[in-house]
Protein chains: 2
Amino acid sequence: MKERYKLPCNIAQTLNIVGDRWTLLILHDILVGNETFNELKKSLDGISANLLSDRLKHLEEAGLVASSVYSKHPPRYQYTLTDSGRELELVFDALLVWGRNNLDICYKQLVHNECQHEVELQHYCPSCKTNVDRADVSPVPVEEHQLNK
Amino acid sequence: MKERYKLPCNIAQTLNIVGDRWTLLILHDILVGNETFNELKKSLDGISANLLSDRLKHLEEAGLVASSVYSKHPPRYQYTLTDSGRELELVFDALLVWGRNNLDICYKQLVHNECQHEVELQHYCPSCKTNVDRADVSPVPVEEHQLNK
DNA sequence: CCAAGTGAGTTGATTTAATTAACTAAGTAT
DNA sequence: ATACTTAGTTAATTAAATCAACTCACTTGG
């Protein structure tokens, strides 16, 4: 966590939050509906209880996960994603699609419910109201540092 | 590397390849044009030489990075991405966009060159020839395991 | 020609992070 | 009352990453 990568780069700073071992998988698991500690632990075959516990705490501090008590005495929590946590869905989809195209053994594909055809990810310009080729977009610096919060 | 996550899931298996510390940042750095060992080392402020060396070797084995000798005696290499490495660009874009929307301090945004307007990532169905809402797509299992290679 | 500097690493020691294993505490089911 | 489940915590061990120093081949400056 604590600022591993010092680079002035969205990707590095995002990975400072979600780049630790197991972290993305935990978030993904919550996203797909595993919401209690043991559901997560069972589903994430191989994770240890203390690590899961630590990660959940950090993710809550970072504002990606929210927890609500569903039983006092003993305290039992349900973990859900916040809006920013849920926004990682695009990252998961990008990883899934990469895996679909490049893994030796692939498990999932992303399909359009209506026609069952596989979908792709594309860049869309809301101003031009069209999809644009990757070659026609560039990452450019923003001046207005300090965005949300 | 060696199969940390055992889950039958594209995301977990993809992270087995690119999920280690520094790995995605190295790949991104090569993508944006840092191609020699020292360029990478300088650009990735904080990485140690041995880790960079290890990672490059593993990424080459995994087929995401290719190296070509640009000087024998002493051997000097130039590192470039293979096709599968380059396909990670969508993952980088997804991380960049997430950072743009959720980081306290954001450095980059992704803009359409022509109109300088910020772009988004969307799901596109090549069969329907339209963009589709995330709610209208689902990850479904594939039977034909064993894809490429 | 000799010293200092650069590129591309390797080796070994230390520190940090993750895994394994055992344990607790409250409540439920048998 | 005993065993089992949920949701963890604590401590010990192992694995991974960082730090620091070193190598080796070549290049440049004096």
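Residues numbered from 1 in each chain as written. Chains lettered and ligands numbered in written order. Predicted model: local features only at pLDDT ≥ 70, side-chain atom pairs only at ≥ 80, totals over all residues. Heavy atoms only, no water.

1. What to know about the environment of L31 of chain A
Residues and elements named next belong to chain A. As for its placement among the helices and strands, L31 is situated in helix α2 (residues 23-31). You can call L31 partly exposed: its relative accessible area is 24%. Among all residues touching L31, those that are not within four sequence positions of it are L81, R86, E89 and F92. (Helix = DSSP H or I, 4+ residues; strand = E, 2+ residues; numbered from the N terminus. Buried < 20%, exposed > 50% of the residue type's maximum accessible area, 1.4 Å probe, protein only. Contact = heavy atoms within 4.5 Å.)

2. Comments concerning the interface of chain B and chain A
Between chain B and chain A, the contact holds 81 residues from the first and 81 residues from the second. Among the residues chain B hides against chain A, the three largest losses belong to N10, W98 and Y107 of chain B. Together they make up 10% of the total. Counting the contacts that link chain B with chain A gives six salt bridges. The partner of E89 of chain B in a salt bridge is R134 of chain A, with the nearest N and O atoms 3.6 Å apart. Seen at the junction of chain B and chain A, the total is 36 residue pairs in polar contact (both at pLDDT 80 or more). For the side of chain B that touches chain A, the elements supplying multiple residues, two or more each, are α1 (10-18), α2 (23-31), α6 (89-102), β3 (108-112), β4 (120-125), β5 (130-132) and β6 (137-141) of chain B. The leading source of residues in the side of chain B that touches chain A is α6 of chain B, at 13 residues. (Buried area = accessible area lost by both parts, 1.4 Å probe. Salt bridge = Lys/Arg side-chain N within 4 Å of Asp/Glu carboxyl O. Polar contact = N/O pair within 3.5 Å; in protein donor to acceptor, adjacent residues only side chain to side chain.)

3. Structural notes on the pattern of salt bridges
For the coordinates displayed, the defined rule picks out 12 salt bridges over all chains. A salt bridge links R4 of chain B to D20 of chain B, with the shortest nitrogen-to-oxygen separation between them at 2.8 Å. Here R4 of chain B, found in the segment before α1, pairs with D20 of chain B, found in the loop between α1 and α2; they are 16 residues apart in sequence, far enough to count as distant. Since its relative accessible area comes to 31%, R4 of chain B is described here as partly exposed. Via salt bridges that share partners, R4 and D20 of chain A together with R21 of chain B belong to a single interconnected network.

4. Describing helix α1 (residues 10-18) of chain A
Of all nine residues in α1 of chain A, eight are buried; the element is thus mostly enclosed. Those residues of α1 of chain A lying buried are N10, I11, A12, Q13, T14, L15, N16 and V18 of chain A.

5. Brief notes about the nonpolar core
Counting residues in hydrophobic clusters, the biggest one holds 76 residues, and the most contacted among them are L25, I26 and L27 of chain A together with L25, I26 and L27 of chain B. Ignoring anything within four residues of it in the chain, the contact list for I26 of chain B reads L40, L44, I47, L52, R55, L56 and L59 of chain B. (Core = buried A, V, L, I, M, F, W, Y, C linked by side-chain atoms within 4.5 Å.)

6. What about the environment of H58 of chain A?
All names here are of chain A. By secondary structure assignment, the location of H58 is in helix α4 (residues 49-61). With relative accessibility at 33%, the residue H58 sits in the partly exposed group. Here the alpha-carbon distance between H58 and T23, two residues 35 residues apart in the chain, equals 9.6 Å.

7. Observations regarding the relation of the copies chain B and chain A
Rotating chain B by 180° about the axis while translating it 0.0 Å along that axis superimposes it on chain A, leaving an RMSD of 0.0 Å. The operation mapping one copy onto its partner corresponds to a two-fold rotation axis. Looking at the rotation axis and the C-alpha trace of chain B, the residue lying nearest is Q122 of chain B, at 2.7 Å. (Least-squares fit on C-alpha atoms with pLDDT ≥ 70 in both.)

8. A short note on the domain arrangement of chain A
For chain A, the domain assignment lists domain 1 (10-82) and domain 2 (89-136). Once you take the C-alpha centre of each, domain 1 of chain A and domain 2 of chain A turn out to be 25 Å apart. (Domains from an automatic or database assignment.)

9. Notes on the state of the cysteines
Applying the stated criterion to the full structure yields zero disulfides over all chains. For C115 of chain B, which is in no disulfide, the shortest distance to another cysteine sulfur is to C125 of chain A and amounts to 3.5 Å. Judged by relative accessible area, which is 30%, C115 of chain B ranks as partly exposed. (Disulfide = S-S within 2.5 Å.)

10. Some details on the packing of aromatic side chains
Considering all chains together, one arrives at four aromatic pairs over all chains under this definition. Between Y77 of chain A and Y79 of chain A, the ring centres sit 6.5 Å apart and the planes meet at 45°, which makes this aromatic pair tilted. (Phe/Tyr/Trp six-rings, centres within 6.5 Å; stacked < 30°, edge-to-face > 60°.)

11. Topic: the environment of N102 of chain A
With respect to the helices and strands, the residue N102 of chain A is situated in helix α6 (residues 89-102). At 3.2 Å, the side chain of N102 of chain A and the side chain of E87 of chain B are in polar contact.

12. Here we look at the pairing of β3 of chain B
In terms of residue burial, β3 of chain B counts as a mostly covered element, since four of its five residues are buried. Where strand β6 (residues 137-141) of chain A and β3 of chain B come together, five bridges link them in antiparallel fashion. If you follow P139 of chain A over to β3 of chain B, its bridge partner there is L110 of chain B. (Pairing = 2+ DSSP bridges.)

13. Observations regarding the sheet that holds strand β4 (residues 120-125) of chain A
Overall, antiparallel pairing links the four strands, which are arranged β5(A)-β4(A)-β4(B)-β5(B) in an open sheet. Either end of the sheet is taken by a strand with one partner, and the two such strands are β5 (130-132) of chain A together with β5 of chain B. Between one strand axis and the next, the sheet turns through 60° on average, direction left out of account. Bridge analysis of β4 of chain A against β5 of chain A gives three bridges, and the strand direction is antiparallel. Bridge pairing in β5 of chain A links C125 of chain A to T130 of chain A. (Axes fitted to C-alpha atoms, helices over the stretch in contact; angles between N-to-C directions.)

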